[in-house]
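Fold and geometry: a report
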Amino acid sequence: MNAELSSGRSGPRVQFIASRDNPRYKAVKRLAQVNTEYRKQGQVWIEGDHLCRAALARGLRPALAVFSESFWADAGDKSDFLALENIVIPAAMMAGISSLSSPAPMGFVLDLPAQAPFNAGAATVVLDRVQDAGNVGSILRSAAAFGFHQVLALRGTAALWSPKVVRAGMGAHFGLRLIEDLDVDVLDGFEIPRVVTHVHEGVLLHERTPPNPCALVLGHEGQGVSAAVLARADRRVRIAQPGGEESLNVAAAAAICLHAIAVGPR
């Protein structure tokens, strides 16, 4: 069952949907649950107050807003969250969309930004087959925080706009130039040094800080960077680990390197 709650020639349209077979609902559910669905639909699903406000703060306007009945029934002002098209659904259907243990009461469908052109001179993070969504999202947060506003993902890296990466990014996506599904040859186009992280080889980060801007390359969680990537390195860098652990989590290593490069030598 669908019901029009309100409509206006120039104002937002709000529709109540109670059927799981509704095509709009099914499309949103696929966006929320299938990692690469955003590439097919050209849209991205985000959920929760924090992510939605982060998108709005960057000037993004949702193509569709989805609200649970309980959220919609609340007396608070919702004008900031309204899209041109809005749907209200029962809590059980909202839970059917969300993969969170405690589903958020609202979410947005955003048009996928057009893939930006590669900037050969911009401070960049390059991801070489980094596959864990949590790691990728955390790296995007660090990149945004430390002024590396371009992120390139080589083929084999987790889909940058997949639901889990978007959640882990906590809004960082909206301030970054994201380019994905790239061949290793993209590294040949840089006009800045290519700094490749390595567990055992290279200059210690604290002894010789890489230049800023540079292209910082981070590799697969278990295998590190590929031989083809390593062959293109202008500098190899490693992090001192006086505690003796074999290696650092790639997201932790990224944060350490990005901070060191951003603040420069002391």
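Residues numbered from 1 in each chain as written. Predicted model: local features only at pLDDT ≥ 70, side-chain atom pairs only at ≥ 80, totals over all residues. Heavy atoms only, no water.

1. Here we look at the side chain of N86
- If you trace the backbone, N86 turns up in strand β5 (residues 85–89).
- Judged by relative accessible area, N86 falls into the buried class, the value being 0%.
- In terms of polar contacts, N86 uses its side chain to reach the backbone carbonyl oxygen of A83, at 2.7 Å.
- Residues contacting N86, with those up to four places away along its chain left out, are P12, R13, V14, Q15, L64, A65, F67 and F81. (Helix = DSSP H or I, 4+ residues; strand = E, 2+ residues; numbered from the N terminus. Buried < 20%, exposed > 50% of the residue type's maximum accessible area, 1.4 Å probe, protein only. Polar contact = N/O pair within 3.5 Å; in protein donor to acceptor, adjacent residues only side chain to side chain. Contact = heavy atoms within 4.5 Å.)

2. Considerations on the nonpolar core
- Membership of the largest hydrophobic core comes to 69 residues, with the highest contact counts inside it found for I46, I89, F108, V125, L127 and I139.
- Here this core takes 8 residues from helix α9 (residues 250–263), the largest share from any one element.
- Not counting the four nearest positions on each side in its chain, F108 is found in contact with V44, W45, I46, C52, L56, P62, L64, A65 and F81.
- Membership of the second largest hydrophobic core comes to 16 residues, among which are L154, V186, F190 and V196. (Core = buried A, V, L, I, M, F, W, Y, C linked by side-chain atoms within 4.5 Å.)

3. Side note on the pairing of strand β12 (residues 215–219)
- Of all 5 residues in β12, 5 are buried; the element is thus mostly enclosed.
- In β12, alternate side chains face the same way, and those of A215, V217 and G219 on one face and L216 and L218 on the other are all buried.
- The pairing of strand β7 (residues 124–128) with β12 spans 5 bridges and is classified as parallel. From the neighbouring strand, D128 faces β12, where its bridge partner is G219.
- Where strand β10 (residues 194–197) and β12 come together, 3 bridges link them in parallel fashion. When the bridges of β12 are listed, V195 appears paired with L216. (Pairing = 2+ DSSP bridges.)

4. Thoughts on the packing of aromatic side chains
- Under the criterion given, the structure shown has 6 aromatic pairs.
- Consider the rings of F67 and F71, whose centres lie 5.5 Å apart with planes at 5°: the pair is stacked.
- In this structure F67 comes out as buried when scored by relative accessible area, which is 0%.
- Positioned above the aromatic ring of W72, the side-chain terminus of K78 is 5.5 Å from the ring centre. (Phe/Tyr/Trp six-rings, centres within 6.5 Å; stacked < 30°, edge-to-face > 60°. Lys NZ or Arg CZ within 6 Å of the ring centre and 35° of its normal.)

5. Re unusual backbone geometry
- In this structure, the amide linkage connecting N212 to the following residue, P213, adopts the cis form with an omega of 15°.
- You will see that R129, though not glycine, has its phi angle at about 60°, which is positive.
- Positionally, R129 belongs in the loop between β7 and α6 (133–145).
- By relative accessible area, R129 is classed as buried at 18%.
- With a phi close to 60°, D181 is a non-glycine residue in the positive phi region.
- Inspection of the secondary structure assignment puts D181 in strand β9 (residues 177–182).

6. Comments concerning the sheet that holds β10
- Strand order in the open sheet formed by 7 strands is β9-β8-β7-β12-β10-β13-β11, and the pairing between neighbours is parallel. For this open sheet the edge positions go to β9 and β11 (203–204), each flanked by a neighbour on one side alone.
- In terms of strand pairing, β11 meets strand β13 (residues 235–238) through 2 bridges, oriented parallel. Across the sheet, the residue bridging to L204 is R238, located in β13.
- Across the sheet, α6 lies against β7, β8 (150–154), β9 and β12, angled at about 170° from β7, the strand it touches most.
- α9 rests against β7, β10 and β12 of the sheet, and its axis sits at about 165° to β12. (Axes fitted to C-alpha atoms, helices over the stretch in contact; angles between N-to-C directions.)

7. What to know about the pairing of strand β6 (residues 106–111)
- A large share of β6 lies buried, amounting to 5 of its 6 residues.
- Direction of pairing for strand β3 (residues 43–47) relative to β6: antiparallel, over a ladder of 5 bridges. Paired with V44 across the two strands is L110, which belongs to β6.
- Bridge count between strand β4 (residues 64–68) and β6: 4 bridges; the pairing is antiparallel. Bridge pairing links A65 to F108 in β6.

8. Quick word on the packing of α6 against α9
- Two numbers describe how α6 lies on α9: the axes approach to 9 Å, and their chain directions differ by 10°. When the axes of α6 and α9 are compared, the pair comes out roughly parallel. In this structure, α6 contributes N135, S138, I139, S142 and A143 to the contact, and α9 contributes V250, A251, A254, A255 and L258.
- For the contact of α6 with α9, the class distribution of residues is 7 nonpolar, 3 polar and no charged. (Parallel < 35°, antiparallel > 145°, perpendicular 65-115°, else oblique. Nonpolar A, V, L, I, M, F, W, Y, C, P; charged D, E, K, R; others polar.)

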